[in-house]
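Structure assessment
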Amino acid sequence: MEIGQVCYKIAGRDAGGCCVILEVIDKNYVLVDGETRRKKCNIRHIEPVNVKLKVTKNSSKEDILNLLENEGLVKPKKKNANSKIKPGKKS
């Protein structure tokens, strides 16, 4: 496992999401981010893919998702026209 390695989560709450390794913590744990939450992850809970990206620990979630979209590993999110308008709570 190396920094920039693209993986898929295979266990836990974010299972099925594509992620990138941002830091190797020790022989069992890595820091991941992407379609998953940025958090420490056991290496037994991820499946590596033969793709590596140039990222740093300080890369933003948007940057990581853009790199994954450019590689064709995740689908771009569709923007809903009504997503900006949120109804207020009427009292």
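Placed above this text is the structure.
Attention here is on the structure that accompanies the text. (Residues numbered from 1 in each chain as written. Predicted model: local features only at pLDDT ≥ 70, side-chain atom pairs only at ≥ 80, totals over all residues. Heavy atoms only, no water.)

This part takes up the pattern of salt bridges. In the structure shown here, the tally under the stated rule is five salt bridges. Taking the shortest distance from any N to any O, the salt bridge between D14 and R37 comes out at 3.2 Å. Of this pair, D14 sits in the loop between strand 1 (5-9) and strand 2 (18-24) while R37 sits in the loop between strand 3 (29-34) and strand 4 (39-42), and the two are 23 residues apart along the sequence. Given a relative accessible area of 34%, R37 falls into the partly exposed group. We note a salt bridge from K57 to E23, for which the minimum N-O separation is 3.1 Å. Here K57, found in the loop between strand 5 (46-52) and helix 1 (61-70), pairs with E23, found in strand 2; they are 34 residues apart in sequence, far enough to count as distant. Each member of the salt-bridge network shares a partner with another, and the members are D33, R38 and K61. (Salt bridge = Lys/Arg side-chain N within 4 Å of Asp/Glu carboxyl O. Helix = DSSP H or I, 4+ residues; strand = E, 2+ residues; numbered from the N terminus. Buried < 20%, exposed > 50% of the residue type's maximum accessible area, 1.4 Å probe, protein only.)

This paragraph deals with the environment of V74. Structurally, the position occupied by V74 is in the segment after helix 1. Taking C-alpha positions, V74 is 9.5 Å from G34, a pair spaced 40 residues apart along the chain. Not counting residues within four places of it along the chain, the set of residues in contact with V74 comprises C18, E35, L65, L68 and E69. (Contact = heavy atoms within 4.5 Å.)

Further remarks concern the nonpolar core. In terms of nonpolar packing, the biggest core is built from 11 residues, these being V6, C18, V20, L22, L31, V51, L53, V55, I64, L68 and V74. At three residues, strand 2 tops the list of elements feeding residues into this core. Excluding anything up to four places from it in sequence, L53 contacts G4, V6, V20, L67, L68 and E71. Ranked by size, the runner-up nonpolar core spans seven residues in total, among them C19, I21, V30 and C41. (Core = buried A, V, L, I, M, F, W, Y, C linked by side-chain atoms within 4.5 Å.)

Before going further, it helps to examine the side chain of S59. Its place among the elements puts S59 in the loop between strand 5 and helix 1. In this structure S59 comes out as buried when scored by relative accessible area, which is 14%. Within the structure, S59 has its side chain in polar contact with the backbone nitrogen of T56 (distance 2.9 Å). (Polar contact = N/O pair within 3.5 Å; in protein donor to acceptor, adjacent residues only side chain to side chain.)

What follows covers the sheet that holds strand 2. Sheet strands line up and pair through hydrogen bonds in the backbone, either parallel or antiparallel. Strand order in the open sheet made by the five strands is 4-3-2-1-5, with antiparallel pairing throughout. Of all strands in the sheet, those bounded by a partner on one side alone are strand 4 and strand 5. Across the sheet, the axes of successive neighbouring strands diverge by a mean angle of 45°, strand direction being ignored. Relative to strand 5, strand 1 runs antiparallel, the two sharing four bridges. In the strand pairing of strand 5, Y8 is matched with E47. In the packing of helix 1 onto the sheet, contacts are made with strand 1, strand 2 and strand 3, and the angle to strand 3 comes to roughly 80°. (Pairing = 2+ DSSP bridges. Axes fitted to C-alpha atoms, helices over the stretch in contact; angles between N-to-C directions.)

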